[in-house]
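# Topology and contacts: notes
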Amino acid sequence: MSLKQARERRDEARKLLAAGIDPIQERRAAAAAALTFRDVAEEWLAKRRDGLSARHNATIIQRLNGNAYPYIGRMPIKDIAPTDVLAMIRVIEKRGALEAARRTLGICSMVFRFGVASGYIGSDPCRDLKGALEPSRPGRFAAITDKTSAGQLMLAIDAYSGSPLVRMALQFMALTFVRSGELRGCVWGEIDWEERLWLIPAKRMKGRREHIVPLSRQAMAVLEEARLFSGERDYVFQSMRPRKDVPLSENTLLLAIRALGYDKDTMTPHGFRAMASSLLNEQGWRPDVIERQLAHVEKNKVRLAYNRAEYLTERREMMQFWADFLDQLRASSRK
């Protein structure tokens, strides 16, 4: 600072003092007025980081990055009103992530309360919003079954920032809608690359009957990518533990869905089956074909044999339609 500038600052400070205003407090107020929600959130995170587990800290950052910053991150924190926060929460609820909405509101409230304690703002705008949250919907296997939310889910999976193999496992599960154990136990020897089929042996099926999964172009592309990571090991979706030849755990897939912002009342790994069943039925595919692809056990032996022999061509068509349909939903959600 030049001598001239210093004198100008001195004169400004004297004027403020003459008016009964503390110049130091005035400078602090001016600095606080320029702070955005993200600025304050990052300051809050920096002060809390040592007291949080790495996983908890990563979850908070992911929720702020995915849910809060796109809507209120750049807003001056002093200008954020309850209606701004509520509008953000409604966007999260609209995609069906009710638990994520509740937790994001709680995180934002902690940031605002830190802002109050630091003298940046006068009150927490989240304080009176808890009663405005949409109540959770109970269900044994929570699932997304509407087109808009399905497209948003696929975009969220594509953007998953954890292990690439976990992302691929979620993508493959969406495309094939098999059970979690069937997917996690998939080994490279079960893939027929020429026929584009996945042959799941009876011993790994719930109904103890061999199951055939026609693979769409998109599913084959996921396998090609996965081969770069686990092609030299047994399991397609391999745990990345060093010197451990084991598949991903069921808990890994569940935690990945939670990390995307979907709570236990919104989506589960098993929910991909209900999502496919609901939307394929809605699109006019024959229920018998859908049920056969879901590997639901057919008690009538004659009918079971017929299903195996005659439905494969139609199932191939349906699985490619399903993959293309998910691409369409994903594209619509980007707009």
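The present account deals with the structure reproduced in this document. (Residues numbered from 1 in each chain as written. Predicted model: local features only at pLDDT ≥ 70, side-chain atom pairs only at ≥ 80, totals over all residues. Heavy atoms only, no water.)

Counting residues in each nonpolar core, the largest one holds 89 residues, and the members touching the most others are Phe37, Phe112 and Phe272. The element contributing the most residues to this core is helix α8 (residues 164–176), with nine residues. The contact partners of Phe37, leaving out residues within four places of it in the chain, are Leu64, Ala68, Tyr69, Ile72, Gly73, Met75, Ile77, Ile80, Cys108, Val111 and Phe112. (Core = buried A, V, L, I, M, F, W, Y, C linked by side-chain atoms within 4.5 Å. Buried < 20%, exposed > 50% of the residue type's maximum accessible area, 1.4 Å probe, protein only. Helix = DSSP H or I, 4+ residues; strand = E, 2+ residues; numbered from the N terminus. Contact = heavy atoms within 4.5 Å.)

This next bit is on the pattern of salt bridges. Two side chains of opposite charge can pair, provided their charged atoms sit close to one another. The full count for this structure, using the stated rule, is 14 salt bridges. Arg227 is paired through a salt bridge with Glu224; the nearest N and O atoms lie 2.9 Å apart. Of this pair, Arg227 and Glu224 both sit in helix α10 (residues 217–230), three residues apart, which is roughly one turn of the helix. For Arg227, a relative accessible area of 37% translates into the label partly exposed. (Salt bridge = Lys/Arg side-chain N within 4 Å of Asp/Glu carboxyl O.)

Before going further, it helps to examine the sheet that holds strand β1 (residues 191–192). What the three strands build is an open sheet, ordered β1-β2-β3; its pairing is antiparallel. Each edge of the open sheet carries a strand with a single partner, namely β1 and β3 (211–214). (Pairing = 2+ DSSP bridges.)

Let us now look at the packing of helix α3 (residues 37–48) against helix α6 (residues 98–117). Following both chains from N to C, one finds α3 and α6 inclined at 90 degrees, their axes separated by 9 Å at the closest point. In this view, α3 runs roughly perpendicular relative to α6, as classed from their interaxial angle. Contacts between α3 and α6 involve Phe37, Val40, Ala41, Glu43, Trp44, Lys47 and Arg48 from the first element and Ile107, Cys108, Met110, Val111, Phe112, Phe114 and Gly115 from the second. Looking at the contact of α3 with α6 residue by residue, the class counts come to ten nonpolar, one polar and three charged. (Axes fitted to C-alpha atoms, helices over the stretch in contact; angles between N-to-C directions. Parallel < 35°, antiparallel > 145°, perpendicular 65-115°, else oblique. Nonpolar A, V, L, I, M, F, W, Y, C, P; charged D, E, K, R; others polar.)

This next bit is on α6. The end-to-end C-alpha distance of α6, which contains 20 residues, comes to 29 Å, matching closely the 28 Å that a straight helix rising 1.5 Å per residue would cover. Positive backbone phi, at 85 degrees, marks Gly119, one or two positions downstream of α6. (Expected span 1.5 Å × (residues − 1).)

The next subject is the pairing of strand β2 (residues 197–200). Judged from the two bridges that link them, β1 and β2 form a sheet pairing that is antiparallel. Among the inter-strand pairings, Ile191 is bridged to a residue of β2, identified as Trp198. Counting the residues between successive antiparallel strands, the hairpin from β1 to β2 contains four residues, one of them, Arg196, with a positive phi of roughly 55 degrees. Pairing of β2 with β3, which is carried by four bridges, proceeds in the antiparallel orientation. Across the sheet, residue Trp198 finds its bridge partner in β3, namely Val213.

Next up on the list: the packing of α8 against helix α15 (residues 312–334). To describe two helices that pack against each other, one gives the angle between their axes and the distance between the axes. Where α8 meets α15, the axes come as close as 9 Å, and the angle between the chain directions of the two elements is 125 degrees. Taken together, the axes of α8 and α15 lie oblique to each other. Here Ala174, Leu175 and Thr176 of α8 lie close against α15, whose contacting residues are Met319, Trp322, Ala323 and Leu326. Of the residues that constitute the contact of α8 with α15, the class distribution is six nonpolar, one polar and no charged.

According to the stated counting rule, one finds nine aromatic pairs in the structure shown. With centroids separated by 5.5 Å and ring planes inclined at 50 degrees, the aromatic side chains of Phe172 and Phe237 adopt a geometry described as tilted. Of this pair, Phe172 sits in helix α8 while Phe237 sits in the loop between α10 and α11 (250–259), and the two are 65 residues apart along the sequence. Looking at Phe172, the relative accessible area reads 0%, which means it is buried. Residue classification places Phe237 among the buried residues on the basis of a relative accessible area of 0%. One aromatic cluster in this structure is built from Phe177, Trp285, Phe321, Trp322 and Phe325. Geometry around Trp193 places Arg227 over its ring, the cationic atom sitting 4.1 Å from the centre. (Phe/Tyr/Trp six-rings, centres within 6.5 Å; stacked < 30°, edge-to-face > 60°. Lys NZ or Arg CZ within 6 Å of the ring centre and 35° of its normal.)

For the rest of this paragraph, the subject is the side chain of Arg330. Tracing the backbone shows Arg330 in helix α15. A polar side-chain atom of Arg330 sits 2.6 Å from a polar atom in the side chain of Asp158. Side-chain polar atoms of Arg330 contact the side chain of Asp327, separated by 2.6 Å. Those residues within four positions of Arg330 in sequence are excluded, and the remaining contacts are Gly151, Met154, Leu155 and Asp158. (Polar contact = N/O pair within 3.5 Å; in protein donor to acceptor, adjacent residues only side chain to side chain.)

The topology assignment puts Arg48 in helix α3. Residue classification places Arg48 among the partly exposed residues on the basis of a relative accessible area of 26%. Non-local contacts of Arg48, meaning those with residues more than four positions away in its chain, are made with Ile60 and Met110.

Glancing now at the environment of Ala132. In this structure, Ala132 sits in the loop between α6 and α7 (147–158). Beyond its immediate chain neighbours, meaning those up to four positions away, Ala132 contacts Leu86 and Arg90.

With that out of the way, let us pick up α15. If you check α15, its first and last C-alpha atoms are 33 Å apart, about what 23 residues at 1.5 Å a residue would give, namely 33 Å. For α15, the complete set of buried residues consists of Glu314, Arg315, Met318, Met319, Gln320, Trp322, Ala323, Phe325, Leu326, Leu329 and Arg330.

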